[in-house]
Amino acid sequence: MACVIGDGEAETGPLATAWQSTKFLNPVSDGAVLPILHLNGYKISNPTVLARIEHEELEQFLRGCGWDPYFVEGDDPETMHQLMASTLDTTIEAIRAIQTGARAGGETARPRWPMIVLRSPKGWTGPKEVDGLQIEGTFRAHQVPILVDGDHPGHVELLDAWMRSYHPEELFDENGRLLPELAELAPAGQRRMGANPHTNGGLLLRDLRMPDFRDHAVAVPAPGAVAAQDTAVLGTFLRDVVALNQEERNFRIFGPDETLSNMLGAVFDVTDRQWDARTVENDEFLAPAGMVLDSMLSEHQSEGWLEGYLLTGRHGLFNCYEAFIHIVDSMFNQHAKWLKVTKALPWRRDIASLNYLLASHVWQQDHNGFTHQDPGFLDHVVNKKADIVRVYLPPDANCLLSVADHCLRSRQYVNVIVAGKHFMPQWLTMAEAEVHCTEGIGIWEWAGNDRGSEPDVVLACCGDTPTLEVLAAVTILRENLPDLKIRVVNVVDLMKLQSASEHPHGLSDSDYDALFTRDKHIIFAFHGYPTLIHRLTYRRTNRNLHVRGYNEEGTITTPFDMRVQNRLDRFHLVQDVIDRLPQLGSTGDYLKQTMADKLIEHSLYINTHGQDLPEIRNWVWAAPQPDAR
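Residues numbered from 1 in each chain as written. Predicted model: local features only at pLDDT ≥ 70, side-chain atom pairs only at ≥ 80, totals over all residues. Heavy atoms only, no water.

Let's shift gears to the overall build of the chain. Secondary structure summary: the chain contains 19 helices and 21 strands in total. Principal-axis analysis of the C-alpha atoms gives the chain an extent of 95 × 65 × 50 Å. Of the contacts formed within the chain by residues at least 6 apart in sequence, a portion of 74% connects residues at least 24 apart. Where the 56 positive side-chain charges of the chain centre and where its 86 negative ones centre are 4 Å apart. (Helix = DSSP H or I, 4+ residues; strand = E, 2+ residues; numbered from the N terminus. Contact = heavy atoms within 4.5 Å. Lys, Arg positive; Asp, Glu negative; His and termini not counted. Charge placed at Lys NZ, Arg CZ, Asp CG, Glu CD.)

Moving on, we get to the packing of aromatic side chains. For the coordinates displayed, the defined rule picks out 17 aromatic pairs. Here the aromatic rings of Phe 318 and Tyr 356 are separated by 5.8 Å at their centres, their planes lie at 45°, and the arrangement is tilted. Here Phe 318 is found in strand 12 (residues 315–321), whereas its partner Tyr 356 is found in strand 13 (residues 354–359), with 38 residues between them in sequence. Overall, the relative accessible area of 0% leaves Tyr 356 in the buried class. Measuring from centroid to centroid gives 6.5 Å for Phe 332 and Tyr 356, while their planes differ by 70°, and the two rings are edge-to-face. Here Phe 332, found in helix 9 (residues 329–342), pairs with Tyr 356, found in strand 13; they are 24 residues apart in sequence, far enough to count as distant. When sorted by exposure, Phe 332 lands in the same class as Tyr 356, which is buried. Put simply, the rings of Phe 318, Phe 332, Tyr 356 and Phe 377 touch in pairs and so form one group of aromatic residues. The ring of Tyr 413 has Arg 390 lying over it, and the distance from NZ or CZ to the ring centre is 4.2 Å. The aromatic ring of Trp 619 is capped on one face by Arg 570, whose charged end is 5.4 Å from the ring centroid. (Phe/Tyr/Trp six-rings, centres within 6.5 Å; stacked < 30°, edge-to-face > 60°. Buried < 20%, exposed > 50% of the residue type's maximum accessible area, 1.4 Å probe, protein only. Lys NZ or Arg CZ within 6 Å of the ring centre and 35° of its normal.)

A separate point is the sheet that holds strand 21 (residues 545–548). Spatial ordering of the open sheet is given by 17-19-18-20-21, a layout of five strands whose pairing is mixed. Each of the sheet's edge strands pairs with one partner strand only, and the pair in question is strand 17 (441–443) and strand 21. Across the sheet, the mean angle separating the axes of adjacent strands is 20° when strand polarity is ignored. In the sheet, strand 18 (residues 457–462) pairs with strand 19 (residues 486–491) via five bridges, with the strands oriented parallel. The partner of Ala 460 across the bridge, within strand 19, is Val 489. Seen against the sheet, helix 15 (residues 530–537) touches strand 20 (521–526) and strand 21 and runs at an angle of roughly 150° to strand 21. (Pairing = 2+ DSSP bridges. Axes fitted to C-alpha atoms, helices over the stretch in contact; angles between N-to-C directions.)

Opposite charge on two side chains permits pairing when their charged atoms draw close. Throughout the structure, instances matching the rule amount to 25 salt bridges. Residue Asp 576 is joined to Arg 580 by a salt bridge in which the shortest nitrogen-to-oxygen separation is 3.8 Å. Between Glu 601 and Lys 598 there is a salt bridge, with the nearest N and O atoms lying 3.4 Å from each other. With Glu 601 and Lys 598 both in helix 18 (residues 585–609) and three residues apart, the pair spans about one turn of that helix. Of the residues examined, Glu 601 reaches a relative accessible area of 35% and is grouped as partly exposed. (Salt bridge = Lys/Arg side-chain N within 4 Å of Asp/Glu carboxyl O.)

Interaxial distance between helix 8 (residues 299–311) and helix 9 falls to 11 Å at its minimum, and their mutual angle equals 15°. In terms of orientation, helix 8 and helix 9 fall into the roughly parallel class. In the crossing of helix 8 with helix 9, the sense of the turn from one axis to the other is left-handed. Only Met 331, Phe 332, His 335 and Trp 338 of helix 9 make contact with helix 8, whose side of the interface consists of His 300, Glu 303, Gly 304, Glu 307 and Leu 311. (Parallel < 35°, antiparallel > 145°, perpendicular 65-115°, else oblique. Left-handed = near helix turned anticlockwise from the far one by under 90°.)

On to the sheet that holds strand 3 (residues 67–73), then. Across the sheet, four strands lie side by side as 1-2-4-3; this open sheet has parallel pairing. Both edges of this open sheet fall to strand 1 (2–6) and strand 3, since each of them pairs with a single strand only. Pairwise comparison of adjacent strand axes, ignoring direction, gives a mean angle of 25° for this sheet. Sheet topology note: the strand 1/strand 2 (residues 34–39) ladder contains five bridges and is parallel. Paired with Val 4 across the bridge in strand 2 is Ile 36. Relative to strand 3, helix 3 (residues 55–64) is tilted by about 145°, and along the sheet it contacts strand 2, strand 3 and strand 4 (113–119).

For the rest of this paragraph, the subject is the pairing of strand 8 (residues 251–254). Taking every second residue as pointing to the same face, both faces of strand 8 are buried, with Phe 251 and Ile 253 on one and Arg 252 and Phe 254 on the other. Relative to strand 12, strand 8 runs parallel, the two being bridged by four bridges. Its bridge partner lying in strand 12, Ile 253 is registered against Leu 317.

Let us now look at the pairing of strand 2. With five of six residues buried, strand 2 is to be regarded as a mostly interior element. Handedness of the crossover is the feature at issue here: the chain leaves strand 1, passes through helix 1 (residues 13–18), returns alongside strand 2, and the resulting connection is right-handed. (Right-handed = clockwise from strand over helix to strand, strands pointing away.)

Another aspect to go through is a nonpolar patch on the surface. A cluster of nonpolar side chains, contributed by Val 148, Val 156, Leu 159, Met 163 and Tyr 166, occupies part of the molecular surface with about 410 Å² of accessible area. Relative to the helices and strands, Leu 159 is located in helix 5 (residues 155–164). The partly exposed category is assigned to Leu 159, whose relative accessible area is 31%. (Patch = residues over 30% accessible without salt bridge, like charges linked within 9 Å, V, L, I, M, F, W, Y side chains within 5 Å. Areas by Shrake-Rupley, 256 points an atom, 1.4 Å probe, with all protein chains shown as cover.)

Across its 15 residues, helix 7 (residues 230–244) extends 22 Å between first and last C-alpha, which sits within 8% of the 21 Å expected from 1.5 Å per residue. On the buried face of helix 7, the contacting elements are strand 7 (227–229), strand 8, strand 12, strand 13, helix 11 (397–409) and helix 13 (464–480). (Expected span 1.5 Å × (residues − 1).)

On to the nonpolar core, then. Nonpolar side chains tend toward joint burial in soluble globular proteins. With 136 residues, the main nonpolar core has Phe 237, Leu 238, Tyr 356, Leu 494, Leu 497, Phe 516 and Phe 524 as its most contacted residues. Ignoring sequence-local partners within four residues, the contact set of Tyr 356 consists of Glu 303, Phe 318, Ile 325, Val 328, Phe 332, Phe 377, Val 414, Asn 415, Val 416 and Ile 417. Within the second largest apolar cluster, 27 residues are counted, among which are Ala 10, Leu 37, Met 84 and Trp 113. (Core = buried A, V, L, I, M, F, W, Y, C linked by side-chain atoms within 4.5 Å.)

This part covers the environment of Ala 433. Its location among the elements puts Ala 433 in helix 12 (residues 430–439). Spatially, the C-alpha atom of Ala 433 lies 41 Å from that of Thr 17, the residues being 416 residues apart in sequence. Among all residues touching Ala 433, those that are not within four sequence positions of it are Asn 398, Cys 399, Ser 402 and Leu 428.

Attention shifts here to the packing of helix 13 against helix 18. The contact between helix 13 and helix 18 brings their axes to 11 Å, and the two run at 140°. When the axis of helix 13 is compared with that of helix 18, the two are oblique. Note that helix 13 runs across helix 18; the crossing there is right-handed. Contact residues: Ile 476, Leu 477 and Asn 480 in helix 13; Thr 587, Leu 591 and Met 595 in helix 18. Here the residues of the contact of helix 13 with helix 18 sort into four nonpolar, two polar and no charged. (Nonpolar A, V, L, I, M, F, W, Y, C, P; charged D, E, K, R; others polar.)

Let's shift gears to unusual backbone geometry. Its identity is not glycine, yet Ser 360 carries a phi of approximately 45°, on the positive side. If you trace the backbone, Ser 360 turns up in the loop between strand 13 and helix 10 (377–381). Under the relative-accessibility criterion, Ser 360 is labelled buried at 1%. Backbone geometry places Gln 412, a non-glycine residue, at a positive phi of 65°. Mapped onto the elements, Gln 412 comes out in the loop between helix 11 and strand 15 (414–418).

See the structure below:
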């Protein structure tokens, strides 16, 4: 594939990084790209860097990146046409020779791939001069070369002369149709750009061979009875996905050097990282061929590789630290916009979804601190069209398996999954998780005590850490206020909160009210920024919504202290309930004071011992029995 790169675009961070792709290309099994760096010298109003350095320096730079540059330079169109044609022949032959040597000759040395540097004037063949100012060969050619309006009537003749310089009479007949002999030069059938299956990847897309995610289930004898690392469990499932699709080579995992850190290391049982640069003795999982591409610390590079992979009819997953996924905000934007537009094109076939796994999330950064704490990608994602974006926050490993299986099978979406990697309580059996994730939201009857009566308060949670803290708050409330009727609602599919009129996954008003009631206070513990929940639910009848989430407070501290700093912890949640239920009277007042005491005790303890209180570290779910008192 030939790819033309403007010299202005070549100055961007993602493209500057992309020159390193030669170290990850396997000539045996992969295709090839022929970059054509177009040096016309200018951006909007400035010169370009690569056009202003010396020829020798430019060549050394490109060769240092692993390329073999061929230069096509000049300003005479006919001469340049012939030179470009012959250079294209030469470079294509060089690519074929590399591939033949690797595939048939067994050559294993990393090749130096050819590329072309095309240097031509800016605004080439356009107007040379307008109103006494030079246009061709200057930055002005990047603007409107000839302004034609009521204030510049004389420019009409200039525009006419410019257009006639292309001799349209030699290209079209008297009816404006392209001459048949020229039309015949265009490729036919699948060689046409719009009909080539490699530019309409859905034509090539084949379903993944999928393992049964239920085989990887965590055994949960009772809610909270066991702990597991959610993404580590997912890693064994992804390992089997990789293994089942090795022959077709149509599934890859991408990321910026975080696959192991995000606890997906099980995939290296069956594949390596693809890497075609030098290796040394202590390297791990590096090989010329592999189904994991995570050996560049570049979110841009990983995203770009994955998008290209999807657009040409394959499947993939991008795993990343939650805080750093913002680096590719604009790339997500453009892919989501592309999906929206192509949905309206009947000839464009659906492609596999762009799947993000955000791990090492905001509530698990007690070692990295404030710099690694930002769940705001969710806010960014939900700005896009409702028929494109999906957001999932599974509360445990079994729910994560169910969600991941669904996302990998889906088409034409952007799926965002947020999951933790630390040991956390596991709440649902696989059968329960499958039902819960299919519904996307639901009452956890085993956690509450309102069945058969109206709840006094609804405690809602979305995300693994908020779920933990809500359930811990429930135990405090039920032990100390046994007559209080509590409903617990857990949200997996974030878009369920939005109105059905705004998102296809959204709940109807009646279904929303059946879960959250029309008038009871809702204390909502959320993984991300609280304003997002308010934004998604602002059309709902029940306005008694009080959201706790990340409030841009954090540092290197204990896991529980992170929650305390953002008022997402169990003690603050209990206080939130009491503040909104004055009928609790003095019993509630004393419990609220106890919670304030606990917060001070927590602060003193971590300052002295550097770890959370034993009752926090050792807490397990144990719902009070009806006859406990």
